[in-house]
Amino acid sequence: MGNNKLNAYAARMKEGDEEAFALLYESTKKGVFSFVYSVTRDYEVSEELMQETYVRVKQNIRSYRGGNFSAWLLMIARNLAYNHVRRAKRETPLLENPPEREYRMEEGGTPVLDAVKAVLGEEEGQIVVLHAVGGYKHREIAKMLNKPLGTVTWTYKNALEKLRKYLEEEGKR
């Protein structure tokens, strides 16, 4: 979705238009979820953080001054996701052997997201999820991650090859 359209929705939201918020949410939810998931690698947490992102957007829409709405939205999502990851690293489990919090297929996960978690590193996973699931162009991902475009496309190509090999091996088992 174009930034002009998102800016128009944001302007309408500032005036209290709930329909504009709904349109903005529908236009951006997939990309926000993909970005958050690429950071947390936890489906349930990503859903919660995505919703929190939109709560913050509603709360802070008056502070949005125009420009690149998508970048502003993803900045909020990124900050929430990284804060969650930092907090999770500091937490000590109460149980000696805590149950693993993973989004499993029987809970509705997808084999592709499971493979991304199993095979790819953090940066590779972010790039694949943002492009394949979020629908972002490589150029947009390069700006988001502050990486050269060539690095993003090369990483994406190599990550897909790793996923292909992994999925082929899993299919043989």
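These lines cover the structure that appears in this document, whether it is placed above or below. (Residues numbered from 1 in each chain as written. Predicted model: local features only at pLDDT ≥ 70, side-chain atom pairs only at ≥ 80, totals over all residues. Heavy atoms only, no water.)

This paragraph deals with the overall build of the protein. Regarding its fold elements, the protein presents eight helices and zero strands. Secondary structure elements of the protein occur, N-terminal to C-terminal, as α-α-α-α-α-α-α-α. In the protein, buried positions account for 36% of the 173 residues. Long-range pairs, those at least 24 residues apart, make up 62% of the contacts in the protein between residues at least 6 apart in sequence. (Helix = DSSP H or I, 4+ residues; strand = E, 2+ residues; numbered from the N terminus. Buried < 20%, exposed > 50% of the residue type's maximum accessible area, 1.4 Å probe, protein only. Contact = heavy atoms within 4.5 Å.)

A few words on a positive patch on the surface. A surface patch of like charges, here positive, comprises Arg86, Arg87, Lys89 and Arg90. Here Arg90 falls in the exposed class, since its relative accessible area comes to 62%. (Patch = residues over 30% accessible without salt bridge, like charges linked within 9 Å, V, L, I, M, F, W, Y side chains within 5 Å. Areas by Shrake-Rupley, 256 points an atom, 1.4 Å probe, with all protein chains shown as cover. Salt bridge = Lys/Arg side-chain N within 4 Å of Asp/Glu carboxyl O. Lys, Arg positive; Asp, Glu negative; His and termini not counted. Charge placed at Lys NZ, Arg CZ, Asp CG, Glu CD.)

Another aspect to go through is the pattern of salt bridges. Two side chains carrying opposite charge are able to pair once their charged atoms lie near each other. As enumerated under the stated definition, the model contains eight salt bridges in all. In this structure, the salt-bridge partner of Lys162 is Glu124, at a minimum N-O distance of 2.8 Å. Taken as a pair, Lys162 in helix α8 (residues 149–172) and Glu124 in helix α6 (residues 122–133) lie far apart in primary sequence, 38 residues in all. On the accessibility criterion, Lys162 (37% relative accessible area) is partly exposed. Across the pair Glu161 and Arg164 runs a salt bridge, and its minimum N-O distance is 2.2 Å. Of this pair, Glu161 and Arg164 are both found in helix α8, three residues apart, which corresponds to roughly one turn of the helix. The exposure class of Arg164 is partly exposed, given its relative accessible area of 38%.

With that settled, the discussion passes to the nonpolar core. Formed by 46 residues in total, the largest nonpolar core has its most connected members in Val32, Tyr54 and Phe69. Mapped onto this core, the elements with two or more residues apiece are α1 (3–14), α2 (18–40), α3 (43–60), α4 (69–90), α5 (111–119), α6, α7 (138–145) and α8. Per-element accounting of this core gives the leading share, 10 residues, to α2. Excluding residues within four positions of it along the chain, Tyr54 makes contact with Phe21, Leu24, Tyr25, Thr28, Lys29, Val32 and Leu73. (Core = buried A, V, L, I, M, F, W, Y, C linked by side-chain atoms within 4.5 Å.)

Side chains of residues three or four places apart in an α-helix project in the same direction, reflecting 3.6 residues per turn. For α1, which comprises 12 residues, the first-to-last C-alpha distance of 16 Å matches the rise-based estimate of 16 Å (1.5 Å per residue) to within 8%. Listed in full, the buried residues belonging to α1 are Leu6, Tyr9, Ala10 and Met13. Seen from one end, α1 has its buried residues packed into an arc of 100 degrees, which puts them on one side. Where α1 is buried, its residues touch α2, α3 and α4. Taken from the residues just after α1, Gly16 is the one with a positive phi, measuring 90 degrees. (Expected span 1.5 Å × (residues − 1). Arc of directions from axis to C-beta.)

A few words now on the packing of α6 against α7. Closest axis-to-axis distance for the α6/α7 pair is 10 Å, and the angle between their directions is 135 degrees. Judged by the inter-axis angle, α6 sits oblique to α7. Note that α6 runs across α7; the crossing there is right-handed. Contacts from Gln126, Ile127, Leu130 and His131 of α6 reach α7 at His138, Ile141, Met144 and Leu145. For the contact of α6 with α7, a count of residues per class yields five nonpolar, three polar and no charged. (Axes fitted to C-alpha atoms, helices over the stretch in contact; angles between N-to-C directions. Parallel < 35°, antiparallel > 145°, perpendicular 65-115°, else oblique. Left-handed = near helix turned anticlockwise from the far one by under 90°. Nonpolar A, V, L, I, M, F, W, Y, C, P; charged D, E, K, R; others polar.)

For α7, the full list of buried residues reads His138, Ile141, Ala142 and Leu145. Seen from one end, α7 has its buried residues packed into an arc of 105 degrees, which puts them on one side. Those residues of α7 that are buried are in contact with α2, α6 and α8. Immediately downstream of α7, the backbone of Asn146 shows phi near 55 degrees, a positive value.

These results come straight from atomic positions and should not be treated as a statement about function.
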